[in-house]
Amino acid sequence: MKVVTQAVSCLLALSATLCAGGFDRAIVTANARVVKLYGLAAGAQLGYGTGIVVSPDGRVLTVLSLLIDARRVRAVTSEGTRFAAQVLARDAERQLALLQLVPWEDAERGGVDSDSSSVADSGAPRVGPFPSFDPILGTPLKPSGDPEFPRNIAKEPPRLQPGDWIVAAGNAFKVAEGSEPVSFVRGVFSTRTRLDARRRVRDFPYRGEVLVVDAVTSNPGAPGGAVVNLHGFLVGMVGRDVVSNLTNTHFNYAIPGDVLAAFLRDTETKKNAAPTPTDSSVVNSLDRRSAAEASAEETMNPSRDVGIRLARAGYQKVLPFVERVKLGSPAAQAGLQKDDLILSLNGKNIGDVADFHEQMKMLGPDEPVDLVVRRDRRILSLRMEPTRN
Amino acid sequence: METQGARAIAVQGRIVWCNLFSETRVCCWYRLCLLTMASVLGPLVDRACALSIDRNAGENAQSESESTREEQDFQHFVAIQGLFREVADRVKPFLVRIETVGGAQPVEIRDDPRGPSPEGEIPSPVPRPQNPFRDSPGGGFQIADGPTTGMIYSSDGYILTSSFNFVREPALVSVTLTDGRRLAADVVARDQVRKLAMLKIDAENLPVPEWAPVDEVRVGKWAVALGLGFGGTEPSISVGVVSALNRMTGNAFQSDVKISPANYGGPVCDLTGRVMGIAVPMAQRPGELAGIEMYDSGVGFALPRERVDQIASALRAGRSFYRGWLGMTVDPQNQDAIVILNVADPSPLRTAGAKPGDKIVQVEGKDVRHFGELVQATYMIPAGDEIYVTLERKGIQFGVKLTLARNIDLGPLPEIEEPLDPSVPAIPPTDESVPPEEEP
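All figures in this text were calculated on a predicted structure; none of them were measured in a lab.

Chemist: Can you help me understand the overall build of chain A in this one?
Modeler: Regarding its fold elements, chain A presents eight helices and 24 strands. In chain A, 60% of the contacts between residues at least 6 apart in sequence involve partners at least 24 apart.

Chemist: Help me understand the overall build of chain B, please; the structure alone is not making it clear to me.
Modeler: Broken down by element type, chain B carries eight helices and 19 strands. Looking at chain B as a whole, 47% of its 440 residues are labelled buried. Sequence separation of at least 24 residues holds for 69% of the intrachain contacts in chain B that already meet a minimum separation of 6.

Chemist: Would you explain helix α2 (residues 24-31) of chain A in this entry?
Modeler: Every α-helical turn comprises 3.6 residues, leaving residues that sit three or four positions apart pointing alike. Burial within α2 of chain A is extensive, with eight of its eight residues counted as buried. Turning to α2 of chain A, its buried residues number three or more, namely D24, R25, A26, I27, V28, T29, A30 and N31 of chain A.

Chemist: Sorry if this is basic, but what is going on with the nonpolar core here?
Modeler: One broad trend across soluble globular proteins is that nonpolar side chains are buried collectively. With 201 residues, the main nonpolar core has I166 and A168 of chain A as its most contacted residues. Those residues within four positions of I166 of chain A in sequence are excluded, and the remaining contacts are G187, V188, F189, V213, A215, V227, V228, N229 and V235 of chain A.

Chemist: Whenever I open this one, the environment of P129 of chain A confuses me. Can you help?
Modeler: Residues and elements named next belong to chain A. The topology assignment puts P129 in the loop between α3 (104-110) and β7 (132-133). As a C-alpha pair, P129 and P56 span 73 residues in sequence and 4.7 Å in three-dimensional space. Setting aside its immediate chain neighbours within four residues, P129 contacts P56, D57, P143 and S144.

Chemist: What is the right way to look at the interface of chain B and chain A in this model?
Modeler: It is common to give the size of an interface as the accessible area that goes away when the parts come together. The partner chain A presents 34 residues to the 42 residues of chain B that form the contact. When contributions to the side of chain B that touches chain A are tallied by element, the ones reaching two or more residues are α3 (43-56), α4 (61-91), β1 (95-101), β4 (172-176), β5 (182-191) and β8 (236-246) of chain B. Looking at the side of chain B that touches chain A element by element, the count peaks at ten residues for α4 of chain B.

Chemist: Whenever I open this one, the environment of V325 of chain A confuses me. Can you help?
Modeler: Residues and elements named next belong to chain A. Topologically, V325 is positioned in strand β20 (residues 322-325). Between the alpha carbons of V325 and Q337 there is a distance of 6.5 Å; along the sequence they are twelve residues apart. Apart from residues lying up to four places away in sequence, V325 is in contact with G307, I308, A331, A332, L336, Q337 and K338.

So, how was this worked out
Residues numbered from 1 in each chain as written. Chains lettered and ligands numbered in written order. Predicted model: local features only at pLDDT ≥ 70, side-chain atom pairs only at ≥ 80, totals over all residues. Helix = DSSP H or I, 4+ residues; strand = E, 2+ residues; numbered from the N terminus. Contact = placed C-beta atoms within 7 Å. Buried ≥ 20, exposed ≤ 12 C-beta atoms within 10 Å, placed from the backbone. Core = buried A, V, L, I, M, F, W, Y, C linked by C-beta atoms within 7 Å.

Now the structure itself:
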């Protein structure tokens, strides 16, 4: 009983120190469940970041970056305890990584390399228990693994809706050290959209959905941090700093909770399915990705044709005006005409002829083609089923 | 609308009540009675009370009242996020997605050395244009290909948006309504000074937004900005407060909502879903992209109804607004006086009789002491508008009324025949090392 009282007063004290009022629940919950990460610094990678604890036995989710390629990644919990973090899985597609906390001394003594294969299958958890988030539902878990539902919430996390408050917890600018609480930024969940972005000059590999937020999260050190709702449920993870191709602005976003959950599920599946211990502990999605790409390329038919020839006259940027439509082709059947201007292909804006050809190449073998075209003053939607030569 | 308005007030009402309650220092029993009475007043308070009793059993009165207050704060935030969502639902039918095809990037010319360098720009000196009166779009910002935002202005198909969305001079513009219809649009007119644009689509009976009266746009009020620039059909929501009024010489109000290319041309609403203003990029200097570097900074601007209506009626009639120029060169480094170095021929100043060596001392009756203040006094006045300028020649002040011109209507700078006033240090107007700054 006394322990409980102490714990309660400790929590109250913590909430008083951090903040009081509407956001304290979110802040206290998130702070206890993120770790400060320190690793490899190289070039634009500053060598520090944030991770989210997703199991009582010390699994930590973070963004895929050079940071985790350090010989020994250091993770510091909210209590200030130092652990080594070893990489369990990487996912180049989702740009995520899963780490396992191990005692710092063990890692030092054994000189374990961060990609060690000995961690996952070594039986009983060696660290913890930690307060964590249920990665599937986002529910905050006590160190015992029991859910920590706020009193006024039914036993199901509320669905995140646009306009909902969010708090992002992360070690932006490495402001916090040791047991100091990480930094929090507050905002609302703006919208859910597909990411089309780049880092410097290269396209950002993750093309899935993200949660756009209006809190300022795109700061060094913040990626990998927890994004929670007002009640303290995990809704996403702060993504890496990117520039949106739609607006040409740096913007603030999080990888949605369901994408995080899918990554962890894939990791589990891969682990259970793999026959050898080595494979089972290190799930390298990089390999999976390249295999997927290879198979996609194999299935891609380079001579895909819907019977459209586009304008060729022009300087640098040629607007995609239809020059000719082949008789009897899918394009002709769909009603495409000479001099139509193609505006979009399967929802993607087409700026010029090169864009059109590029988008056609990206099509799956049996994917229908939805064109939006402008004819005189009208804008028309046309659908065609591609054929193969 | 009334229902939502009433709800907003109701939420605030509860909070007021709750605060009164939590500050009551009374014995536990009395409080319990109060709580029981209070519980019939609404589930919100009910919950707070239950929690208060539960949590504070055996604790002292001080922490009891504190935790109650915290719970009330929490419930307040829960309630208010529901209102943000309602605003979005209410405003969605008036939002339109604008897509453009073709057009070039604006030419990169830094026209004001005082402006902060936008991200990614190499701070190397950019060669000045040959013609000092050439208009500069400003900034070095690359306009992206993504969709932009507008809102329906009138039910007969006029769409109000920001001129930012057409800086590239696109060949084609299309507008997609919430009901999914995608229509070709004409750009009727643009205001490059106040950053507005009016489009026309062939559609009838469109829903129109309700605008908040100007006197109800007050500092501290919640502001909700909506935009479609991140793609998809659902608007993105950003939330903040009105942070200042009468910015940009009375044209705009300021808000800390995140305003960026994702919502330029979109509405900034109050909590009942009325439009308080339209989000535009702006800064205290001329240039069509001025202010873009402040995107998402917490310093954003929106034009309120009063200004929008004044400008929109002209835009609907097909009148575009361009940056207004006096047609002269001055030394921007001179912090003591605005001495005219040369006057273009023809130009508004020449028509008004100004000569090299004259000083500009007032604009519209307001003292201007150096180049920065002159820009501040004139950058929001478009070409075609009259202004009253007070000049000083040999210690004698005289006023002239002149009509600002477009840069394309300005003539070249003539050779200076007359010697300048001996009290003024002569600066050769075409010296390459110290280029004279042209003034709007």
